[in-house]
Amino acid sequence: MAETHVLFVEDDDVIREATQLALERDGFRVTAMPDGLQGLDAFRANRPDIALLDVMVPGLDGVSLCRRIRDESTVPVIMLSARADSIDVVLGLEAGADDYVTKPFDGAVLVARIRAVLRRFGHAGGSQRGESVSDDDPRGPLLAFGELEIDTEGMEVRKGGEPVALTPTEMRLLLEFSSAPGTVLSRDKLLERVWDYGWGGDTRVVDVHVQRLRTKIGQDRIETVRGFGYKLKA
């Protein structure tokens, strides 16, 4: 089985080298770059399985680099930030990141978050196979909610007959909503099911992804139930 290839962009030499060694000990293949421009070149040349991007890197900052990557690929992205400020977190997630980790971080926690993201994307351990819905799924392969159509086998979404491009995380989120239309799903439940956070996590990740999903499938399709969570309008 091929190694999972990680692109790691970090300008601090000590952090970059220590983290690269830690990831390699856990079986990952790592391409480490000290700035965003070199990181973009490395991404285009190597097409890694996942990207770890520090927010504050020279040349091209991590948020801008995430946007450039997202313009070209749905590869999972985890942002790394020395601060837990809302602006850092939200900017990274709005740029298309799937998750974020605050520095300083424990190596084991970082590896766990990487593996959780890769499981969601269906290629943990280097496999490139995507996930599919079970053949005995009682919902059937095609779901329709007004002008929104979801092909759960082909992993395709259409709105008014036009294709909607979703990242794998957005697709997983939509599948959770569509599995129980009209049912309120709490942020904690979505973190557990979509982000694989058995230990809990930052609910801002859910809020930003719901907003991103709304912009693609319709602002009124997912309803906020204050104090409880979100639900898909049947």
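For the structure, see preceding data.
Okay, so let's go over this structure. What you see is a predicted model; the values in this text were computed from it and never measured. In every chain, residue numbers begin from 1 and rise along the written sequence. The model is predicted, so local features are restricted to residues of pLDDT at least 70 and side-chain atom pairs to those at 80 or more, both for listing and for counting; the totals for chains, interfaces and linings are taken over all residues. By convention in this description, side-chain values take in all heavy atoms of the structure and omit both hydrogens and water.

1. What to know about the overall build of the chain
- Each helix corresponds to a stretch of at least 4 residues labelled H or I by DSSP, and each strand to a stretch of at least 2 residues labelled E; elements are numbered beginning at the N terminus. Scanning the chain for helices and strands turns up eight helices and 11 strands.
- Two residues qualify as a contact provided that any one of their heavy atoms is within 4.5 Å of a heavy atom in the partner residue. In the chain, of all internal contacts separated by at least 6 residues, the share reaching a separation of at least 24 is 58%.
- Per element, the accessible surface of the chain, about 10,900 Å² overall, is 49% carbon and sulfur. The accessible surface values rely on the Shrake-Rupley method and a 1.4 Å probe; as for residues, cover is taken only from the protein chains in view.

2. A look at the pattern of salt bridges
- Throughout this description, the term salt bridge denotes a Lys or Arg side-chain nitrogen within 4 Å of a carboxyl oxygen of Asp or Glu. Enumeration over the complete set of coordinates arrives at 13 salt bridges.
- Between Lys103 and Glu10 there is a salt bridge, and its shortest N-O distance comes to 2.9 Å. In this pair, Lys103 is assigned in the loop between β5 (99-102) and α5 (107-121) and Glu10 in the loop between β1 (5-9) and α1 (13-25), connecting sequence segments 93 residues apart.
- A residue is classified by how much of its surface remains accessible, and Lys103, at 13% relative accessible area, is buried.
- The salt bridge partner of Arg212 is Glu170, with a shortest N-O separation of 2.9 Å. Taken together, the residues Arg212 in helix α8 (residues 204-217) and Glu170 in helix α6 (residues 168-179) connect sequence positions 42 residues apart. Residue Arg212 shares its accessibility class with Glu170, and that shared class is buried.
- A single salt-bridge network, built from bridges that share partners, covers Glu10, Asp54 and Lys103. Throughout, exposure labels follow a simple rule: accessible area from a 1.4 Å probe, protein chains only, divided by the maximum for the residue type, with under 20% read as buried, over 50% as exposed, and the rest as partly exposed.

3. Details of the sheet that holds strand β9 (residues 162-164)
- Overall, antiparallel pairing links the four strands, which are arranged β6-β7-β8-β9 in an open sheet. Looking at the sheet topology across the chains shown, the edges are occupied by β6 (142-145) and β9. Each strand axis lies, on average, 25 degrees off the axis of its neighbour in the sheet, ignoring direction.
- If DSSP finds at least two bridges between two strands, the strands pair. Relative to β9, strand β8 (residues 156-159) is paired through three bridges, and the arrangement is antiparallel. Within the sheet, the bridge partner assigned to Lys159 lies in β9 and is Glu162. Here the axes come from fitting lines to C-alpha atoms, over the contacting stretch only for helices, and the angles between their N-to-C directions go from 0 to 180 degrees.

4. Focus on the environment of Gly92
- Mapped onto the fold, Gly92 is located in helix α4 (residues 86-94).
- Judged by relative accessible area, Gly92 falls into the buried class, the value being 2%.
- A sequence separation of 13 residues divides Gly92 from Met79, and the C-alpha atoms of the two residues are 6.5 Å apart.
- If near-sequence neighbours (up to four positions away) are discounted, Gly92 is found in contact with Val63, Cys66, Met79 and Ala97.

5. Some details on unusual backbone geometry
- Residue Pro104 is reached from Lys103 by a cis peptide bond, and omega for that bond is -5 degrees.
- Among the structural elements, Pro104 can be located in the loop between β5 and α5.
- Despite not being glycine, Arg47 has its phi angle at roughly 45 degrees, a positive value.
- Its location among the elements puts Arg47 in the loop between α2 (36-46) and β3 (50-54).
- Even without glycine at this site, Met155 takes up a positive phi of about 55 degrees.
- Along the polypeptide, Met155 turns up in the loop between β7 (148-151) and β8.
- Residue Met155 is classed as partly exposed on the basis of its relative accessible area, which comes to 30%.

6. A closer look at the nonpolar core
- Core analysis: the largest hydrophobic core is formed by 50 residues, its most contacted members being Leu53, Met79, Ile150 and Phe177.
- In terms of residues, this core owes the most to one element, α8, which gives six residues.
- Leaving out residues up to four positions away in the same chain, Met79 has contacts with Leu53, Val55, Gly62, Val63, Cys66, Gly92, Ala97, Asp99, Tyr100 and Val101.
- The criterion is simple. A nonpolar core is a set of buried Ala, Val, Leu, Ile, Met, Phe, Trp, Tyr and Cys residues joined through side-chain atoms within 4.5 Å. Residues Leu23, Leu80, Leu110 and Val111 belong to the second largest nonpolar core, which totals 17 residues.

7. Some words on the sheet that holds β1
- Strand order in the open sheet formed by five strands is β2-β1-β3-β4-β5, and the pairing between neighbours is parallel. In this open sheet, the two edge strands, each paired with only one partner strand, are β2 (29-33) and β5. With direction set aside, neighbouring strand axes in the sheet form an average angle of 20 degrees.
- Pairing geometry for β1 and β3, over four bridges, is parallel. The partner of Val9 across the bridge, within β3, is Leu53.

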